[in-house]
Structure formats: C-alpha cells, structure tokens
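Analysis of the macromolecular model
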Protein chains: 2
Amino acid sequence: MIKTLTNHRSIRTYTSQQIDKQTMAELLEASCRASNTGNMQTYSIIVSTDEKIKAALAPYHFNQKMVTQAPAVVTFCVDFNRFNKWCQQRNAVPGYDNFLSFSSGMIDATLAAQNFCLAAESKGLGICYLGTTTYTAKKIIEILKLPKFVVPVTTVTVGYPNETPNLEDRLPLEGVVHYETYKDYLPTDIDTIYREKESSEKYKQFTAENNKETLAQVFTDVRYTKANNEHFSKELLAVLKEQGFWE
Amino acid sequence: MIKTLTNHRSIRTYTSQQIDKQTMAELLEASCRASNTGNMQTYSIIVSTDEKIKAALAPYHFNQKMVTQAPAVVTFCVDFNRFNKWCQQRNAVPGYDNFLSFSSGMIDATLAAQNFCLAAESKGLGICYLGTTTYTAKKIIEILKLPKFVVPVTTVTVGYPNETPNLEDRLPLEGVVHYETYKDYLPTDIDTIYREKESSEKYKQFTAENNKETLAQVFTDVRYTKANNEHFSKELLAVLKEQGFWE
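Here's what I pulled together on the structure shown here. Here the residue numbers are simple positions, counted from 1 along each chain's written sequence. Chain letters start at A and ligand numbers start at 1, both assigned in the order the entries are written. A pLDDT threshold of at least 70 governs which residues receive local features in this predicted model, and a stricter bar of 80 or more applies before side-chain atom pairs are shown or counted, although totals over entire chains, interfaces and linings include all residues. Note that water and hydrogens are dropped before the side-chain values are worked out from all heavy atoms of the structure.

One side chain can pair with another of opposite charge once the charged atoms of both are near each other. Basic side-chain nitrogens of Lys or Arg form a salt bridge, by our definition, when they fall within 4 Å of a carboxyl oxygen of Asp or Glu. Here the structure, examined in full by the defined rule, presents 30 salt bridges over all chains. A salt bridge links Arg82(A) to Asp79(A); the shortest N-O distance between them is 3.8 Å. For Lys202(B), the salt bridge is made with Glu168(B), and the minimal N-O distance between the two is 3.3 Å. With Lys202(B) in helix α9 (residues 201-209) and Glu168(B) in the loop between β4 (150-159) and β5 (177-179), this pair connects stretches of sequence that are 34 residues apart. One continuous salt-bridge network, built from bridges that share partners, spans Glu168(A), Asp169(A), Lys197(A) and Lys202(A). Here a strand is any run of E in DSSP of at least two residues, a helix any run of H or I of at least four, and the numbering for each starts at the N terminus.

Our next topic: the sheet that holds strand β5 (residues 177-179) of chain A. Two strands qualify as a pair provided DSSP detects at least 2 bridges between them. Strand order in this open sheet of five strands is β5(A)-β1(B)-β2(B)-β4(B)-β3(B), and the pairing throughout is mixed. Taken across any chain shown, the strands that pair with only one partner, and hence form the sheet edges, are β5 of chain A together with β3 (126-130) of chain B. Adjacent strand axes in the sheet meet at a mean angle of 25° when their direction is disregarded. In terms of strand pairing, strand β2 (residues 72-79) of chain B meets β4(B) through eight bridges, oriented antiparallel. Residue pairing for β4(B): Val73(B) is matched across the bridge by Thr157(B). Fitted lines through C-alpha atoms serve as axes, helices being fitted only where they are in contact, and the angles separating the N-to-C directions of these axes extend from 0 to 180 degrees.

Right, let's talk about unusual backbone geometry for a bit. Of note in the backbone geometry, Phe62(A) takes a positive phi value of approximately 55° without being a glycine. Structurally, Phe62(A) can be placed in the loop between α3 (51-57) and α4 (66-69). At Lys145(B), a position not held by glycine, the phi torsion is positive, near 55°. Tracing the chain through its elements places Lys145(B) in the loop between α7 (137-144) and β4. A relative accessible area of 55% means that Lys145(B) is categorised as exposed. Throughout this description, buried means an accessible area under 20% of the type-specific maximum (1.4 Å probe, protein chains only), exposed means over 50%, and partly exposed covers the range between.

Attention now moves to the interface of chain B and chain A. Many authors give the size of an interface as the accessible area that is lost as the parts come together. Listed by partner, the interface residues are 116 residues for chain B and 116 residues for chain A. Once two parts are brought into contact, the accessible area they lose, counted with a 1.4 Å probe and summed over both, makes up the buried area. Summed over both sides, the interface of chain B with chain A buries roughly 10500 Å², with 61% coming from carbon and sulfur. The interface formed by chain B and chain A holds eight salt bridges in total. We note a salt bridge from Lys85(A) to Asp184(B), for which the minimum N-O separation is 3.0 Å. Polar contact is the term for a pair of N or O atoms within 3.5 Å; when the atoms are in protein, one must be able to donate a hydrogen and the other to accept it, and sequence-neighboring residues count only if both atoms are side-chain atoms. Linking chain B with chain A are 82 residue pairs in polar contact (both at pLDDT 80 or more). In terms of residues, the side of chain B that touches chain A owes the most to one element, helix α6 (residues 99-122) of chain B, which gives 13 residues. Residue type decides the class: Asp, Glu, Lys and Arg count as charged, Ala, Val, Leu, Ile, Met, Phe, Trp, Tyr, Cys and Pro as nonpolar, and the leftover types, Gly among them, as polar. In terms of residue class, the side of chain B that touches chain A is made up of 60 nonpolar, 33 polar and 23 charged. The pairing of strand β1 (residues 43-48) of chain A with β5(B) spans three bridges and is classified as parallel. Note on β5(B): the bridge partner recorded for Val47(A) is Tyr179(B). Two residues form a contact once any of their heavy atoms are found within 4.5 Å.

With that out of the way, let us pick up helix α11 (residues 226-242) of chain A. Over its 17 residues, α11(A) extends 24 Å from the first C-alpha to the last, a length consistent with the 24 Å expected when each residue adds 1.5 Å. Taken together, the buried positions of α11(A) are Asn229(A), Phe232(A), Ser233(A), Leu236(A), Leu237(A), Val239(A) and Leu240(A). Along the long axis of α11(A), the arc covered by the buried residues comes to 155°, so they all point the same way. The outward face of α11(A), more than 90 degrees from its buried face, is lined by the exposed residues Ala227(A) and Lys234(A). Against α6 (99-122), α7 (137-144) and β4 (150-159) of chain A together with α6 of chain B lie the buried residues of α11(A). Looking one or two residues beyond α11(A), the residue adopting positive phi is Gly244(A), at roughly 100°. Take the residue count of a helix, subtract one, and multiply by 1.5 Å to get its expected span. Directions drawn from the helix axis to the C-beta atoms are what define this arc.

What follows is the structure in structure tokens.
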C-alpha cells in the first residue's frame, strides 16, 4: 500500500486496452468508501468512455492528448442536486445553496477521486489528474449535462500505462511540514528548500527552453500567470453562482 | 491496497500509544507523493502533538474528543506563502492572490490528506477527518500562526485505534455514478437510492432520537442547517479575503 502511494507517477500515454466493467466497478466502489462529510455523499462521478464525449471534453482540458487517448475520463463533481431532491421529497428544506456547502462537497469529491486513483494504480492502471476542470467548469457542465447544484471539480484520465516515467521530484519534507505551529520561511530557508529542484538538469533545461532567467519565472510568466488565474477565477465564481452555491 | 480503501472506518477513540517519528515520516512522505498542480506543492502540513496546541484547537473542532485524545492532529493547508516567497526571491512576480489558485491549492491539500490517511490505515493506525476546519478557519489560523496566503482546509486526527466500528453504509453505486453524461434523478430514483439507508434500524433510531419525521430532516434541521451554513460561508469567505485570495 505505502508502495502504491510512493510510486505514483502521472500516466499520460495509454495502451488501447479498455477497462472491463468489473474492474471499473471495483474502482468506483473504492472511490465511494472515502471519508465524506456527514455521510451525505454530496458528489457524483461521471465516467465517460464514448469517443464523442471525450472529443467534446478535450478542448476544455486544453487538448491534452490523454483525454481522447485514455479509455475513460472520470469527472468528479460536487453534487447537492441529489441530496436536495431527497430532502424535498422528505418534507425537509435543504440549506446548501452556499459557499460552505460547496467547499465541503469539493473536499469530499476530491477524497473520492484520490481513492479512485489509488485503487486504479493498485490494479496496474495509470491515472492523470486534469487541473483544467475548475478553469472550464462552465463548458464541462454543458457537455456532461450537469444540472443546478452540480459542479465539476477535478477530472482523472485512466487506462493501462504505455509509458514508464521517472518519479517526479518533491520538495524536501522539512520544506512542507511544520511541527506544532507554522514556522514562517526565512530567505535562507527558501533557498534550501528549492536548492535540489533548481540545481537539477531537468529544470535548468526547462527554464532555458522557456527563455526564462529563473525556474520561478516559468511558473509566473508562462504556466500559471496572473492574467489567466484572474480570468479563470471570475469564470469559476460565475459557475458557482449559476449552479446555485452563492445565494 | 483495495482492501485498505474499502475497509475504511473513521476512528474516534485512540489508545495512548504515540506515533513514532519514523512512522510519522513515512506517512508524510506518502502524503507528499500525491498528485498536485504543476508540481508546485502549494500546501503545508501542520503536525500538532503538543497537548496545549491540541487543547487550543479543540473548541474550534466543536470539542470533538478525538482532538485532545489523538496523539497527533494534522492540519492540511493551502499554502502559497512559500511559493510566493520563492518567486519573489527569484525575480518572478507571483499572481496567486485569487480564488482559482486557492481552489487548486485546496484540491492539492486534500489529495495529500487522503494519501496521509491511507498510509496511516495501511500501517494499522486509524484516522478521522474534521470537517470543522473550513468552519472555523479564522481561529485555526490564529492558533497555528498561519501567515497570509495560508488557509487550513481539512484536519485529520490520527492514532492507534481503540475501537472497531462497523463499516458505514454508502448509497448504492448506481446512485452516485453516471455514465457518459449526467442522468438527472426522477422521484422514483431518489426513493430507490435512499431506500436501504431509510429502512435501516440505525437510521430509524437516529431519526427518532432527533425527534424528526424523516432522516432528511435530521440533516436539514439539526446537523447541517441553512443558518449555520450561511454563517460559516461568510466566515470562510472573510478568511479567503484576509489571507489574500480575493484580490
């Protein structure tokens, strides 16, 4: 188990092997065993395997090739639609049209997603998370026909690996973990925490390819820019309002 | 591995056995191997074992006894403070003072939390998530001394189990999973999905104890009320503003 956790690699190239129904059911069962708020299970999981649906989703995942290539694209959504309907049919008045409810649903959908991924990896499948889901939620809602009170929060492509990538680097544990309370970082701490990453040939090459002076600039100026973040923040907030979580 | 996933029970009573440093380090290593956005690792993990810190946190987790009883209380936070400092020291201008960045950090912190929990469970430890973290983030920020751009999103108590609870029920898979696109629920679907839950003696008793007509009313009128959700939504939004994620 620990080995499955520590051996994780994102898999972006898959063989043509499909995932059989029994296997998919096992992954979904494992997914739904994750902890969730009050056992309300305020999430839904959309499993898309149809070529047309995957092709329709692809542009909103910025045409990353995994979306059409993977046998299944699995979208994890906050879902208060089902719970609200249940309440209404049971003479109960739901009060989940707000940001807190969305947030707890988002945590629960994400925990379910990670269980799904680890179950998949333990069975020899490979996965990749698509962070684009919150950027283009509005379009994903249209394609997947999500009703009010349903918002997609993350997407996973899954299939049998056709590549064996190296393990990705991580910051040293002492750069991420604090004991008792938070110890803020001194400039020298930052240098220490990022030293290994910055001295690796891989990232030096990555910085050079992007014509940047520093690796940090690749993030701020190319990959995760302020302009894009601000644009997609507005879009995401508009989605929360349209889907009923901002009353 | 699948068995660890499907056997999950939240553990709320712990023995007095402490978690040794080596074990905790393994859990934290496994935690940080989770997928994350752009490998930026925009989260921090606060491990609190000090009795005074746990006692200070307890009221803000609504005095659930696990907080003081568990040997460790682990708070998973969105953290752009470290990343921003790195950017600033590397002649890069960070643009992460927005809701989208918070949301991606929230997903990443949650994935790390679930890896932590599964690593713990695979080693015979038990965990319980505390959903109260987003409700009382402002107070947790004070106690854990979280600087600007750091927001706690979930908390896990961890220790050696001193109880063996039954497996919790879950909705049938067909109530939570959709294929290709979302199929909205008819009233008869809702009845089918909730039938097993509603007919269980446990929930009948739970409904009676709460003096409610229906199980749904226990959620709407007692456990997760509109008034509380609206109050804590405002508080959480104020925290995002104060911590710098709403520019």
